[in-house]
2 protein chains.
Amino acid sequence: MALIVQKYGGTSVGSTEKIKKVAERVTESHKKGNRLVVVLSAMAGQTDALINLSKEITGIPDPRELDVLVATGEQISISLFAMAVKSMGYDCCSLLGFQAAIHTDQAYGKARIKKIDTDRILKELDENRIVAVAGFQGIDESGNITTLGRGGSDTTAVALAAALKAAQCEIFTDVEGVFSADPNICTRARKLESISYEEMLELASLGAKVLDIRSIEFAKKFNVPIHVRSSFARNEGTMVVAENKEMEKVLVSGVVFDRNQARITMVKVPDRPGIAFKILDPVFKAGIVVDMIVQNPSAEGLTDLTFTATKTHFQETLKLVREVAKEIGAEKVLGDQDIAKVSIVGLGMRNHAGVASKMFETLAKENINISMISTSEIKISCIIEEKYTELAVRALHDAFGLGNEKD
Amino acid sequence: MALIVQKYGGTSVGSTEKIKKVAERVTESHKKGNRLVVVLSAMAGQTDALINLSKEITGIPDPRELDVLVATGEQISISLFAMAVKSMGYDCCSLLGFQAAIHTDQAYGKARIKKIDTDRILKELDENRIVAVAGFQGIDESGNITTLGRGGSDTTAVALAAALKAAQCEIFTDVEGVFSADPNICTRARKLESISYEEMLELASLGAKVLDIRSIEFAKKFNVPIHVRSSFARNEGTMVVAENKEMEKVLVSGVVFDRNQARITMVKVPDRPGIAFKILDPVFKAGIVVDMIVQNPSAEGLTDLTFTATKTHFQETLKLVREVAKEIGAEKVLGDQDIAKVSIVGLGMRNHAGVASKMFETLAKENINISMISTSEIKISCIIEEKYTELAVRALHDAFGLGNEKD
């Protein structure tokens, strides 16, 4: 009797019909003898509808009360799901964050799980019940409701799998697994059988939306095998697991891109210690995530500082940086939204030289100019002109031999 | 600094605009120096919408899970309310059933409050916060969510007022108070300044919908003064309080009617011990509430048994009773839906003779025939033809001098 944690996202439980379908799938696994803990997200659209309701009350809703409000979304899913399972003749019990004893810190809207007391869940499992747990929510030490932020249900599932020492954490989603590239762009993209936590972390940071980053970190820390698979298809998906010998043989696992990027350059800044901090501090303080940062000397005693942020925050960032530019006497500030980031990720890079030069060569062959480069141990990212995105992804996918046999 | 519990019903919080209005009213009372605990119902229509969602899943939803589902209604109201109060610059904190420590038995859908631990509420009040408590919900000893059934928020409010030893429990509703008769029928109906718990209990049992019966029983038991008043008007409503000398001077406090009544008669039943039980047991077992029961000998060894139930259950009751009639060899079963119950209620009846005869005389003067009579210490009810309902109410209202000065 394997203990399995399953997680179904918002689109998988988007209607009462879909909830019944999920209940069928869960009971099938239960019939095979598995002990099941099922984590559900709110029905698709529900969380946004609740947030809109709060905006009718006030522009800046109190964070504690916003968590109380949005936590109802998952409460609705799990109760409907438990009803569906029971109506099929199986025993089931829904548990909210406080009942499942998911203890978090008090950071409303972005709480972190500190501890899970599994007593209640194990008791329900021992009585042969399927246990439905509300994703995304927990409770702080004073008994206040907290939520884990967007994508939080993935984290709930992995944290539960870790605490319960589950054999596996199955993440059911609207894609069939993790692909070597976006199949919408790259028709030869291949579903990966398995991928390491490290690679999955890089892919998620680079814009792949299959798994929430924190859930991967959790899985890595507690060595929880994750199975990413489709809610709507029956075939196997992708296993996200600890690195193994086999994986290192592969140079590159996947190619990803992110179009939601913009570049900002401050030209001819007086070059003195702490200048990067001076320029970027207001941006950090505004909560804007800065990705790549490059500093180049431009003339005697002057330097150019370039960085990227998301397009979503482009105008706000530009405004903040222009104020600093005036203050410190920089020549001007340039902005460019027509860029994209293309990245390759692979454990093999650590032990094989020449991966970077192969990437640059591939892009050069297609006449694609690289304006910024950033690397990590298992990743290389290049900023290119946005219009070349698809071309770059396909060329890299081919160059590293990631695809299915040519058809 | 008086501690006051206020309760606002579903129509009072039926939209985000209305929730803001309630927040304004509450903060006004807070500014006067009152310590406030505010109990809210779900936004009007919300509970029905949730129940409909459960019906899409299954015809007979699991009671435990149905409580988890419908409890979200009040969770939404209190979080939106707390946001509204905070956006006005006052401190506020919402508490769910488990946080407010409202302990109930495990009767899902109709749980009874056993105990309230007031520590958390008092702590929040001591920090000068307005405390918003979810009505209608509690928690059983295993930490499961329970609900108190329709009208449960009144009970939550009164129970909190009792536990907190509040100076008063204000029930804000869509009427201005308790009236001597329905103002829609009786233009001279008068808003009562005060009424005893006993009278209010009779009025509520007889169909007045102002207060939930259990909340009145609770208030009576713990001597909590209830102030029934309008959410939309500023004037004083009706105080529901312990009996006092002044009240006993009044013969009759109010006239009420109930059109949702039907009469069923089994004719010529063999008269033997236990026959009433034999006839009514299937009806009781079907969960149908039987109100008046009258048994009259009709011929040697035969008897007629007549009882009333609600029109809503008329057909079902008729079917059940016809089966029994066949079995025991009764002559026939008659049904009549064109009836209504008219009642007068008043503490004064206990010490004054002649109230009943004055009621019968008044109806006789109007040529209204009485087909059944039932009395309690402070109430007399008569079954009459439905078409005379308004006439009977007005005649009794005048006869007992309940109205405002004739205008």
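For every chain, the first residue of the written sequence is number 1, and numbering continues from 1 onward in sequence order. A letter from A marks each chain and a number from 1 marks each ligand, given out in the order of writing. Given that this is a predicted model, residues contribute local features only at a pLDDT of at least 70 and side-chain atom pairs are listed and counted only at 80 or more, while totals for whole chains, interfaces and linings are drawn from all residues.

We now examine the packing of helix α9 (residues 275-285) of chain A against helix α10 (residues 314-328) of chain A. All names here are of chain A. Where α9 contacts α10, the two axes come as close as 9 Å, and the packing angle between them is 150°. Remark: the crossing between α9 and α10 carries right-handed chirality. Taken together, the residues of α10 that come into contact with α9 (itself represented by Lys278, Ile279, Pro282 and Val283) are Thr317, Leu320, Val321, Val324 and Ile328. Just so you know the grouping, Ala, Val, Leu, Ile, Met, Phe, Trp, Tyr, Cys and Pro go in nonpolar, Asp, Glu, Lys and Arg go in charged, and all remaining residues, Gly too, go in polar. In terms of residue class, the contact of α9 with α10 is made up of seven nonpolar, one polar and one charged. Structural elements are reduced to axes, namely lines fitted to C-alpha atoms, with helices fitted over the stretch in contact, and the angle between N-to-C directions of any two is expressed from 0 to 180 degrees. What counts as a helix is a DSSP run of H or I of at least four residues, what counts as a strand is a run of E of at least two, and both are numbered from the N terminus. Note on convention: near helix rotated counterclockwise from far helix by under a right angle means a left-handed crossing. Clockwise means right-handed. Each residue is represented by a C-beta atom placed from its backbone, and any two residues with such atoms within 7 Å are regarded as in contact.

Residues and elements named next belong to chain B. Taken N-terminus to C-terminus, the directions of helix α1 (residues 16-31) and helix α3 (residues 63-87) make an angle of 55°; their axes are 9 Å apart at the nearest point. With respect to α3, the axis of α1 lies oblique. Every pair of crossing elements has a handedness; the one defined by α1 and α3 is right-handed. Across the interface between the two elements, Thr16, Ile19, Lys20, Val22, Ala23, Val26 and Thr27 of α1 pack against Leu80, Phe81, Ala84 and Val85 of α3. Counted by class, the contact of α1 with α3 contains eight nonpolar, two polar and one charged residues. The labels follow the angle: roughly parallel below 35 degrees, roughly antiparallel above 145, roughly perpendicular from 65 to 115, and oblique for the rest.

Attention shifts here to helix α5 (residues 152-163) of chain A. Residue and element names in this part refer to chain A. For a helix, the expected span equals 1.5 Å multiplied by the number of residues minus one. Compared with an ideal rise of 1.5 Å per residue, which puts twelve residues at 16 Å, α5 spans 16 Å between its outermost C-alpha atoms and is within 8% of the ideal. Summarising burial for α5: eleven of the twelve residues are buried, a large majority. Comment: burial labels come from other C-beta atoms within 10 Å of the residue's own C-beta, placed from the backbone, where a count of 20 or more is buried, 12 or fewer is exposed, and between is partly exposed. Looking at α5, one finds that the buried residues are Gly152, Ser153, Asp154, Thr155, Thr156, Ala157, Val158, Ala159, Leu160, Ala161 and Ala163. Where α5 terminates, the next one or two residues include Lys165, which has phi positive at roughly 50°.

Bringing the domain arrangement of chain A into the picture now. Each domain's extent was defined by an automatic or database domain assignment. Here the domain parsing of chain A yields domain 1 (3-174) and domain 2 (255-399). Here the C-alpha centre of domain 2 of chain A lies 38 Å away from the C-alpha centre of domain 1 of chain A.

Chain A puts 27 residues into the contact, and the matching count from chain B is 27 residues. When residues of the side of chain A that touches chain B are traced back to their parent elements, those giving at least two are α1 (16-31), α2 (46-57) and α3 (63-87) of chain A. Looking at the side of chain A that touches chain B element by element, the count peaks at 13 residues for α3 of chain A.

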